[in-house]
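The lines below spell out each chain.
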Amino acid sequence: MNSNNRRDFLKKSSMAGVGLAFLPNLINANSYESPNAYKENYMGGFAAPKINTVRCAFIGVGARGSGHARQIATIEGTEVVAISDLYEDLAKKSAEKCKTIGAGQRHKDIKTYHGGADEWKKMLNEVKPDMVVIATPWSLHAPMAIAAMEAGAHAFVEVPIAVSIKEMWDIVKTSEKTQKHCMMMENVNYGRDELLYLNMCRQGVIGELLHGEAAYIHELRGQMHEVERGTGSWRTYEYAKRDGNLYPTHGLGPVAQYMNLARGEDNFERINSFSSPGKGRNLYAKKHFDKDHKWNQLDFKGGDINTSIIKTTLGRTIMVQWDETSPRPYSRHNLIQGTNGTLAGFPTRIALEGGVEGATKNHHSWAQGEDLAAIYEKYEHPLYKRLGEVSKKMGGHGGMDFMMLYRIVECLRKGQPLDQNVYEGCFWSAVGPLSEASVKAHGDSQKFPDFTRGAWKTTKPLDIIM
């Protein structure tokens, strides 16, 4: 679809929306509130007032949250002021690490909260931080993010942003009401290849975008051995009580930004979802745990692999897969296909009409490995050029974690819009509950709620950040 056709399409869509305003009984229940509610406080391109020194607090400092605390402590212009965790040893260990990084100049007075399930609430009320990083079980993301914003802090939440559509609407409403950021921290959007492909898509290298493929294939059965503490102690129950794509955003986030979904060009429309039988977790529990162990009292009905197809407003398609059970190599898939070629991941490879210069003669073979050196030289994302080397040294999934956290702090200090807004976090996470509904309905199509209430049509696409 060319630019003129796209503008005509969006214009007609906008007019159709005006017509629906006179038919309140026909508005989808997922709209949740008046379509005009956002106008004064829309967060699509929101930039908060500059914060010279960002006072940071953390809820949850286990394997994930402790890494966030350590990395943020190294970033100029931050002050770690409080850490909350259920476990005293984790809270104090993380605080000491931050103090060591501060070398007596920063992070000197870190208050720790631990022991009770509501200690994080006490922390928010007493410390009043500028930003709160939330790395806790999925079911706690929404209530903690909402409470953080209501306490006057910007909320930064691990994936997914929430587990129900209602929670996502509540997050959107709170963000708009309080004028506080709520960003789901999708770190994969800061991967080197994901940034490279974003830049290539923006420059039109593969023509009009038609189709994407995204996945999170990561065998994690070993987490079941974390019975009392750790990720497995709570995540294992999710596989038993839910059936769908429970963790969609690592693969989907980059593809959504390639396509400018919810940002002026296109948006999420519908999803159909199917799950395989659930076999692997039951077999693993029987093999590795006593027959009377609590894991063997569960029936892991959630399918070992879920495959979902998203249809966008412009008619594009995205396949999204999730599998944390099957014995297979890790993959996020990461494919974007256009009229002039395809960019793919795992392994990184490119096929272009007419071939990749110096590597392939046509689109019938992939350019990969050393043959991509010229592609990186020509299309390396400016943000990776600026931060790539230091990010790799700082670590965190090859540096993507540090780059994400650096950008968060940079945007808050400069008073700039974040790279991911609250609506994107909700759209990407909505695949979870919508896929569950579709699976339950034997694959029937489920409509995405429009968390922007139509404002996506005038939301600026993400810049190629320098």
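Computed from a predicted model, the values in this text were never measured in an experiment. (Residues numbered from 1 in each chain as written. Predicted model: local features only at pLDDT ≥ 70, side-chain atom pairs only at ≥ 80, totals over all residues. Heavy atoms only, no water.)

### Topic: helix α3 (residues 88-102)
Turn by turn, an α-helix covers 3.6 residues, leaving residues three or four places apart pointing in a common direction.
Part 1 of the reasoning: Its 15 residues place the ends of α3 21 Å apart at the C-alpha level, agreeing with the 21 Å of an ideal helix rising 1.5 Å per residue.
Part 2 of the reasoning: On its buried side, α3 packs onto α2 (63-74), β2 (78-85) and β3 (111-114).
Part 3 of the reasoning: Following α3 by one or two positions, Ala-103 has its phi on the positive side, about 50 degrees. (Helix = DSSP H or I, 4+ residues; strand = E, 2+ residues; numbered from the N terminus. Expected span 1.5 Å × (residues − 1). Contact = heavy atoms within 4.5 Å.)

### Comments concerning the side chain of Ser-331
Part 1 of the reasoning: Within the fold, Ser-331 resides in the loop between β10 (317-323) and β11 (335-338).
Part 2 of the reasoning: At 3.0 Å, the side chain of Ser-331 forms a polar contact with the backbone nitrogen of His-333.
Part 3 of the reasoning: Those residues within four positions of Ser-331 in sequence are excluded, and the remaining contacts are Ala-215, Tyr-216, Ile-217 and Phe-346. (Polar contact = N/O pair within 3.5 Å; in protein donor to acceptor, adjacent residues only side chain to side chain.)

### So, the sheet that holds strand β4 (residues 131-134)
Part 1 of the reasoning: The strand order β3-β2-β1-β4-β5-β6 describes an open sheet built from 6 strands, whose pairing is parallel. Each having just a single partner strand, β3 and β6 (182-184) make up the two edges of the open sheet. If you compare each strand with its neighbour and ignore which way they point, the axes differ by 20 degrees on average.
Part 2 of the reasoning: In the sheet, strand β1 (residues 54-59) pairs with β4 via 4 bridges, with the strands oriented parallel. What sits directly across from Phe-58, in β4, is Val-133. (Pairing = 2+ DSSP bridges. Axes fitted to C-alpha atoms, helices over the stretch in contact; angles between N-to-C directions.)

### Examining the sheet that holds strand β14 (residues 367-368)
Part 1 of the reasoning: One open sheet accounts for 9 strands, arranged β14-β13-β12-β11-β7-β10-β9-β8-β15; its pairing is mixed. Sheet topology places β14 and β15 (446-447) at the edges, where each strand pairs with a single neighbour.
Part 2 of the reasoning: Examined bridge by bridge, strand β7 (residues 209-217) and β10 share 7 bridges and lie parallel to one another. The residue of β10 that forms the bridge with Glu-213 is Met-319.
Part 3 of the reasoning: Those strands touched by helix α14 (residues 422-440) are β8 (268-275), β9 (306-312) and β15, and its axis lies near 50 degrees from that of β8.

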